Amino acid sequence: MNKRSSLAKRVVVLCMGTLVVGAGGVTLFGNNLRKLMGASAESLAGNDIQYAPSPARKSLRTFGSNSEEGSTYAPVAGRGRAVASSTHSAERPNPFTLSSEDRLSTFAVDVDTASYTLFRRYVTQGNPPPPESIRVEEWVNYFRYRYPSPTDGDFRVDLEGAPSPYTRGRHLVKVGLQGRTIAKSQRKPTHLVFLVDTSGSMNSADKLPLAQKSMKLMVDGLNETDTVALVTYAGGVRDVLPPTPASERDTLFSAIDSLTAGGGTAMGSGLEIAYRHAARKAHPQNVSRVIVLTDGDTNIGPTSPDALLESIQGYVKEGVTLSTIGLGMGNYRDDLMERLANKGNGNSFYIDSEREARRVFQERLAGTLEVIAQDVKVQVEFDSRAVRGYRLVGYENRAIADQDFRNDKVDAGEIGAGHTVTALYEVELTGEGSRVATVRVRSKRPGGVEAAEQSFPLERASLHPTLREASANLRFAAAVAGTADILRGAPQAEDWSLATAEALAEESVDGQPDRAEFLGLLRQVREWNVSSVARGTPY
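Computed from a predicted structure; not experimentally measured. All chains use their own residue numbering, which begins from 1 and follows the written sequence. Local features are withheld for residues below a pLDDT of 70 in this predicted model, meaning they are given only at 70 or higher, and side-chain atom pairs are given and counted only at 80 or more; totals for whole chains, interfaces and linings count all residues. Side-chain calculation: all heavy atoms of the structure are included, whereas hydrogens and water are not.

Some words on the overall build of the protein
- Strands are runs of DSSP state E lasting at least 2 residues, helices are runs of H or I lasting at least 4, and numbering of each runs from the N terminus. When helices and strands are tallied, the protein shows 14 helices and 18 strands.
- When burial is assessed residue by residue, the protein has 61% of its 539 residues classed as buried.
- By the convention used here, residues are in contact when the closest approach between their heavy atoms is within 4.5 Å. By sequence separation, contacts in the protein at least 24 residues apart represent 81% of the contacts at least 6 residues apart. Burial classification: accessible surface area is computed with a 1.4 Å probe over protein chains only, and a residue below 20% of its type maximum counts as buried, one above 50% as exposed, and the rest as partly exposed.

Next up, the structure:
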């Protein structure tokens, strides 16, 4: 049976008796919603549900590679308009792992958001997202979570758990990291190099013109002593503007406005020149960052993708970081943009509107630019007396071998100023033991060599007895992660329902516009599902 058809049928089955279909989509009412929020998941004493243990997949590669063995998902045909192409092989979802066989789960943090913004673009254009474009952690970390601010050090860890709304007898555990904020006056001197794709494929209102608006927004947010350089690439490379103080706003804006689209695409040479500019300004007390703005339709040029990634790694050691900004649809290479950002110790965004540009380049500028902790690794050690099994939801291509947690030569993720990082685990309790898990976080100061480590216990007594008593943060993160897992066809989410995710989202919008927007997108996807059931065809 087609996965999406099967998914749509599960939506109806779950809500049987309380399913109301109307112009606004499908809504869960009454006792089912109250039962969902008050469910005790067989109480905290454990349960008798069994599952077949899956062999744990422990990655021995550096995170960011997408050359993982395993199944891939076939792209879903669009509903009308042309959609982005993708050669991204979806990572196999993390399996449920028996804690008696492997009690450790280790991963690098992630603050990329491109996958979620792409989802929004697909849905608003009337298309479901291709499963291979969905990275759960990028959906979850798109949103703001109100975690306590750090009182000592660069970040604070917030732990929470409650019965799962999706699988009877299991719990969801949230690991949340909150980075310290930095005032504009406290930011390090920043040196940016914009590398702009000006090939013919960028000749569209949602590509080069939006890139130009984005750059101007970023310039407006810089301090006067910061500098900006501008390099473009198409059939050839053009060094448009040398490093110029942000105070020379008219000069910068004039150079940005002069850009036009035309010609072929060859990113490799442009990236090399941009990095050379940035390397000259690299210093432990500075921020030196390359920002690539492209529709991703690149043939790389004379350099292969692997060689390009390898060359970036050399500049990372010099202290240069990288942001990739995706624009437009068509032949967008989301997979390449993510790999570039991962290798470049930076972040990957997708800009689908001027509003999103403002969000990334004005509201969250400090976090976009300034790293406060680097090579941030998280290792969760589950107590096998208390936990029968667990699964990390997402972060598949951020996996780190357990033995490399304290190997400070192994690269990991970065946290920017004010950023939050959230991860969810699905766990099955045994009903015994007082401690569920110990969460360890290891990181370096920017430019540092030695890492520091902190440890945080999660006691059984601190778990919420019902989901209703959990924070809006946990409930909303569960709604987003559940939606992403369902839409990417994760085997572990086979019996999960978008109706459950919608009910969770409704109860946890918490007055935040981004969350309300997600709820509207989820309702649109559910409406397609219900319509497909009525037609007897997948949407």
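A look at the nonpolar core
- In terms of nonpolar packing, the biggest core is built from 42 residues, with Tyr116, Phe119, Trp139, Phe143 and Phe518 touching the most fellow members.
- Mapped onto this core, the elements with two or more residues apiece are α3 (114-124), α4 (136-140), α12 (472-487), α13 (498-507) and α14 (513-535).
- Sort the elements by how many residues they give to this core and α12 lands first, with ten residues.
- As used here, the term nonpolar core means buried Ala, Val, Leu, Ile, Met, Phe, Trp, Tyr and Cys residues forming a set that is joined through side-chain atoms within 4.5 Å. Judged by nonpolar contacts, the second largest core, of 35 residues, contains Ala373, Val380, Val436 and Leu458.

Notes on the sheet that holds strand β7 (residues 190-197)
- Between any two strands, pairing holds if DSSP finds at least two bridges. Strand order in the open sheet made by the six strands is β9-β8-β7-β10-β11-β12, with mixed pairing throughout. In this open sheet, the two edge strands, each paired with only one partner strand, are β9 (237-245) and β12 (347-351). Going across the sheet, the axis of each strand differs from the next one's by a mean of 15°, ignoring polarity.
- Note: strand β8 (residues 227-233) against β9, six bridges, orientation antiparallel. Along β9, the bridge assignment pairs Thr232 with Arg238.
- This element, helix α10 (residues 354-363), spans β11 (320-327) and β12 of the sheet and lies at about 155° to β12. Here the axes come from fitting lines to C-alpha atoms, over the contacting stretch only for helices, and the angles between their N-to-C directions go from 0 to 180 degrees.

Some details on the packing of aromatic side chains
- Pairing of aromatic side chains here covers Phe, Tyr and the six-membered ring of Trp, requires ring centres within 6.5 Å, and sorts the geometry by plane angle: under 30 degrees stacked, over 60 edge-to-face, intermediate tilted. Enumeration according to the criterion identifies 17 aromatic pairs in this entry.
- On the basis of an interplanar angle of 50° and a centroid distance of 4.7 Å, the ring pair of Phe107 and Tyr395 is categorised as tilted. Here Tyr395 lies in the loop between β14 (387-393) and β15 (413-416) and Phe107 lies in strand β4 (residues 104-108), a separation of 288 residues in the sequence. Here Phe107 and Tyr395 have matching classes, each one buried.
- Aromatic pair Tyr116 and Phe518: ring centres 6.3 Å apart, planes at 45°, arrangement tilted. Placement of the pair is Tyr116 in helix α3 and Phe518 in helix α14, with a sequence separation of 402 residues. For the pair Tyr116 and Phe518, a shared accessibility class is recorded, and that class is buried.
- Taken together, the aromatic side chains of Tyr116, Phe119, Trp139, Tyr142, Phe143, Phe476 and Phe518 make up a single cluster linked through ring pairs.
- A cation sits over an aromatic face here: Arg170 above Phe96, 3.9 Å from the ring centre.
- Above the face of the Tyr142 ring, Arg359 is positioned so that its terminal group lies 3.6 Å from the ring centre. The rule is short: NZ of Lys or CZ of Arg within 6 Å of the ring centre and within 35 degrees of the ring normal puts a charge over the ring.

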